[in-house]
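The chain contents come next:
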Amino acid sequence: MSATRGDLVFEDDFEASSLDQSAWSPYYLPQWSSRAASAATYRLRDSCLTLSIPPDQGLWCSGDHKPDLRVSGIQSGNYSGPVGSTIGQQPYREGLVVREEQEAFWGWTPNGGYVELRARADLSPRSMVSLWMVGLEDQPERCGEICVMEVFGDTVVPGSAAVGMGLKTIRDPSVPQDFEAVRLPLDLADFHTYAVQWASGEATYFVDGAPIRSCSGAPSYPVQLMLAVFDFPERSVGDDDRLVPTFTVDYIRGWNVAEQLVA
């Protein structure tokens, strides 16, 4: 199977001197902590966005989220209810309440199409990178996930890496849990393309233009993009606190799917 692209509808080549904050919020689920405590560490250079986690970056939701994690991420949507409410995207436990209210923000939130990322990463066994797309949760059940790519550093060996891709139910019973980490012959430190084409409930995943797997039951509602690098201190294998995981993105692009244009 080959990708079926229609019109280009979204493109960020990260060529500007600053992040396009009409498309991206540089905070990771800030309603559960704050914008200040969830701000991404990133730079724009050589037409690339590089997300990183320096040694002095604090824990996200320190003392509450388990396991401990640090994260630098951008996302194309966000909103919450008022402080003290339970209304917010991607709560990580029951009873979680909003600590800082977020105004509704919607950058690019597609409902079907073809999304492609070109990126490389430098990871240690305690870190990971991912591009995933989740429902906006404008209705609580609209929270299913399409994971375009997810790589843990402890799966990376010379000449290959296990690239996770597929669907995650989260709290939407209409979306099946159909996720698999596929070992592929690639060097994560080099640029590669990772993509998904989805329409009519079918999602097909591609790496460097080659189809890898397909899933049925993909969300049929708008989703927001989430792009991040994570560090898990509890996965430390010794003297690795000084290591800085990075996720360098050349571009993110989105197309309509041709069959949608005909309909």
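Scroll up to find the structure.
A.B. asks: Is there a simple way to think about the sheet that holds strand S15 (residues 223–231) in this case?
C.D. replies: The strand order S4-S15-S8-S9-S10-S11 describes an open sheet built from 6 strands, whose pairing is antiparallel. On the outer flanks of this sheet lie strand S4 (70–75) and strand S11 (178–184), each paired with one strand and no other. The mean angle between the axes of side-by-side strands here comes to 15°, regardless of whether they run parallel or antiparallel. For strand S9 (residues 145–152) and strand S10 (residues 161–168), the ladder comprises 4 bridges, and the chain directions are antiparallel. Within the sheet, the bridge partner assigned to Glu145 lies in S10 and is Lys168.

A.B. asks: Can you help me understand the pattern of salt bridges in this one?
C.D. replies: Side chains that differ in charge, positive against negative, can pair when their charged atoms come close. If you walk through the whole model with that rule in mind, you get 18 salt bridges. Here Arg5 ties to Glu116 by a salt bridge, and the two come within 3.0 Å at their closest N and O atoms. Placement of Arg5 in strand S1 (residues 5–12) and of Glu116 in strand S7 (residues 113–122) is noted, with a sequence separation of 111 residues between them. You can call Arg5 partly exposed: its relative accessible area is 38%. A single salt-bridge network, built from bridges that share partners, covers Arg70, Arg126, Asp231, Asp240 and Asp241.

A.B. asks: Any chance you could explain the side chain of Thr193 here in plain terms?
C.D. replies: Relative to the assigned elements, Thr193 resides in strand S12 (residues 192–199). When sequence neighbours within four positions are dropped, the list of residues in contact with Thr193 reads Glu116, Leu117, Arg118, Phe206, Val207, Asp208, Gly209 and Tyr251.

A.B. asks: Would you take a moment to explain the packing of aromatic side chains for this structure?
C.D. replies: Both the distance between ring centres and the angle between the ring planes are used here to describe each pair of aromatic rings. Counting across every chain of the model gives 12 aromatic pairs. Relative to Trp132, the ring of Tyr28 has its centre 6.5 Å away and its plane inclined at 65°; by these criteria the two rings are edge-to-face. Of this pair, Tyr28 sits in the loop between S1 and helix H1 (35–38) while Trp132 is found in strand S8 (residues 127–135), placing the two residues 104 residues apart along the sequence. Here Tyr28 matches Trp132 in class, with each residue buried. On the basis of an interplanar angle of 65° and a centroid distance of 5.6 Å, the ring pair of Tyr114 and Trp255 is categorised as edge-to-face. Residue Tyr114 is found in strand S7, and its partner Trp255 is found in strand S16 (residues 246–257); the two are separated by 141 residues along the sequence. Here Tyr114 and Trp255 have matching classes, each one buried. Grouped by ring-pair contacts, the aromatic residues Tyr28, Trp60, Tyr92, Trp132, Phe152, Phe230 and Phe232 constitute a single cluster. Its end group placed over the ring of Trp255, Arg5 keeps NZ or CZ at 4.2 Å from the ring centre. Cation over ring: Lys168 sits above Phe179, and NZ or CZ is 4.6 Å from the ring centre.

Cut-offs applied
- Residues numbered from 1 in each chain as written.
- Predicted model: local features only at pLDDT ≥ 70, side-chain atom pairs only at ≥ 80, totals over all residues.
- Heavy atoms only, no water.
- Pairing = 2+ DSSP bridges.
- Helix = DSSP H or I, 4+ residues; strand = E, 2+ residues; numbered from the N terminus.
- Axes fitted to C-alpha atoms, helices over the stretch in contact; angles between N-to-C directions.
- Salt bridge = Lys/Arg side-chain N within 4 Å of Asp/Glu carboxyl O.
- Buried < 20%, exposed > 50% of the residue type's maximum accessible area, 1.4 Å probe, protein only.
- Contact = heavy atoms within 4.5 Å.
- Phe/Tyr/Trp six-rings, centres within 6.5 Å; stacked < 30°, edge-to-face > 60°.
- Lys NZ or Arg CZ within 6 Å of the ring centre and 35° of its normal.

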